[in-house]
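Structure assessment
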Amino acid sequence: EAFMLFNLSPQSLTLPERIIQGPVGLRASRPVILSLCLVMAVIAGTRYYAELLRNEGKLALDVGERGRALAAFRWSARLNPLSYSSRQLLASAYAAEGDMNSSQREAEVAFRLDPLDGDAYRDLAQIHWITGQHGKAESEFLSAVRLQHYTRPIFYYELSEFFIAIGKPSESESWLT
């Protein structure tokens, strides 16, 4: 009854094949659009894989496998050269290995990637403290405290520890009170 009501027959339900014609400019831009999509997919994949490598490196560093951690952090930094955390962790891994030159280089790269992060100042300060560059270390510890004075109370402790280590206990006490 519905077929008769709407005057539908099996012949009226089949659609003739039509070739849908689009603008000529759209056809020419298809390879460009597909290429851009492919490039974006590759970039997204490398960023994702870089994060996986960073996490693997953190786990390796936590269990004491420094060689595996260094390799993972290096690859993570290569795949995502603008990653602050990969560079920061790579600097920590180099410091754990005792390679202070490479550690300082990577910490400075991390600092340049995010100069408003107190952790970058703190990492540089610790490396300069270990290498004996106390003037740089002091200014970087102070910058870290100024940038994140409410959110990172550990910076005050590390700054006072630094002042005690270089023989300035009065300044250490002033930062703790």
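For the structure, see preceding data.
Note that the coordinates shown come from a computational prediction; the quantities given were computed from them, not determined experimentally. (Residues numbered from 1 in each chain as written. Predicted model: local features only at pLDDT ≥ 70, side-chain atom pairs only at ≥ 80, totals over all residues. Heavy atoms only, no water.)

Before going further, it helps to examine the nonpolar core. As a rule of thumb, nonpolar side chains are buried together in soluble globular proteins. Listed in full, the 11 residues of the largest apolar core are Y121, A125, A137, F141, L142, A144, V145, F155, L159, F162 and F163. Element by element, the count of residues in this core is highest for helix 8 (residues 134–147), at 5 residues. Not counting the four nearest positions on each side in its chain, F162 is found in contact with W129, H134, A137, E138 and F141. If you look at the next biggest cluster of nonpolar residues, it comprises 9 residues, including A60, A77, A93 and Y94. (Core = buried A, V, L, I, M, F, W, Y, C linked by side-chain atoms within 4.5 Å. Buried < 20%, exposed > 50% of the residue type's maximum accessible area, 1.4 Å probe, protein only. Helix = DSSP H or I, 4+ residues; strand = E, 2+ residues; numbered from the N terminus. Contact = heavy atoms within 4.5 Å.)

In this section: the packing of aromatic side chains. With the rule as written, the count across this model stands at 6 aromatic pairs. Between W129 and F162, the aromatic rings sit 5.4 Å apart at their centres with planes inclined by 85°, giving edge-to-face as the arrangement. Residue W129 is located in helix 7 (residues 118–131), and its partner F162 is located in helix 9 (residues 154–165); the two are separated by 33 residues in the primary sequence. The exposure class assigned to W129 is partly exposed, which follows from its relative accessible area of 22%. Measuring from ring centre to ring centre gives 6.2 Å for Y156 and W175, while their planes differ by 40°; the resulting arrangement is tilted. Taken together, the residues span a long stretch of sequence, with Y156 in helix 9 and W175 in helix 10 (residues 169–176) at a distance of 19 residues. Among the residues examined, Y156 registers a relative accessible area of 22% and is labelled partly exposed. The class of W175 is partly exposed, set by a relative accessible area of 27%. Each residue in the set W129, F141, F162 and F163 is aromatic and connected to the rest through ring pairs, giving one cluster. (Phe/Tyr/Trp six-rings, centres within 6.5 Å; stacked < 30°, edge-to-face > 60°.)

Further remarks concern the pattern of salt bridges. If you walk through the whole model with that rule in mind, you get 9 salt bridges. A salt bridge links E106 to R87; the shortest N-O distance between them is 2.9 Å. With E106 in helix 6 (residues 100–113) and R87 in helix 5 (residues 84–97), the pair connects residues that are 19 residues apart, well separated along the chain. One exposure class covers both E106 and R87, and it is buried. Measuring nitrogen to oxygen at the nearest pair gives 3.7 Å for the salt bridge that ties E106 to R105. Look at E106 and you get buried, because its relative accessible area is 6%. Residue classification places R105 among the partly exposed residues on the basis of a relative accessible area of 44%. (Salt bridge = Lys/Arg side-chain N within 4 Å of Asp/Glu carboxyl O.)

A few words on the environment of E97. Among the structural elements, E97 can be located in helix 5. Take E97: its relative accessible area is 44%, and that puts it in the partly exposed class. In sequence terms E97 and G67 are 30 residues apart; their C-alpha atoms lie 8.6 Å from each other. In contact with E97, other than residues within four places in its own chain, are R66, G67 and L70.

A separate point is helix 7. Helical periodicity: at 3.6 residues per turn, an α-helix aligns residues three or four positions apart in one direction. Here helix 7 spans 20 Å end to end across 14 residues, near enough to the 20 Å set by a 1.5 Å rise per residue. Taken together, the buried positions of helix 7 are G118, D119, A120, Y121, R122, D123, L124, A125, I127 and H128. As for helix 7, its buried residues are in contact with helix 5, helix 6, helix 8 and helix 9. (Expected span 1.5 Å × (residues − 1).)

Another aspect to go through is helix 8. With 14 residues, helix 8 extends 20 Å from end C-alpha to end C-alpha; this agrees with the ideal 20 Å at 1.5 Å per step. Within the sequence span of helix 8, burial applies to A137, E138, E140, F141, L142, A144 and V145. Those residues of helix 8 that are buried lie in contact with helix 7, helix 9 and helix 10.

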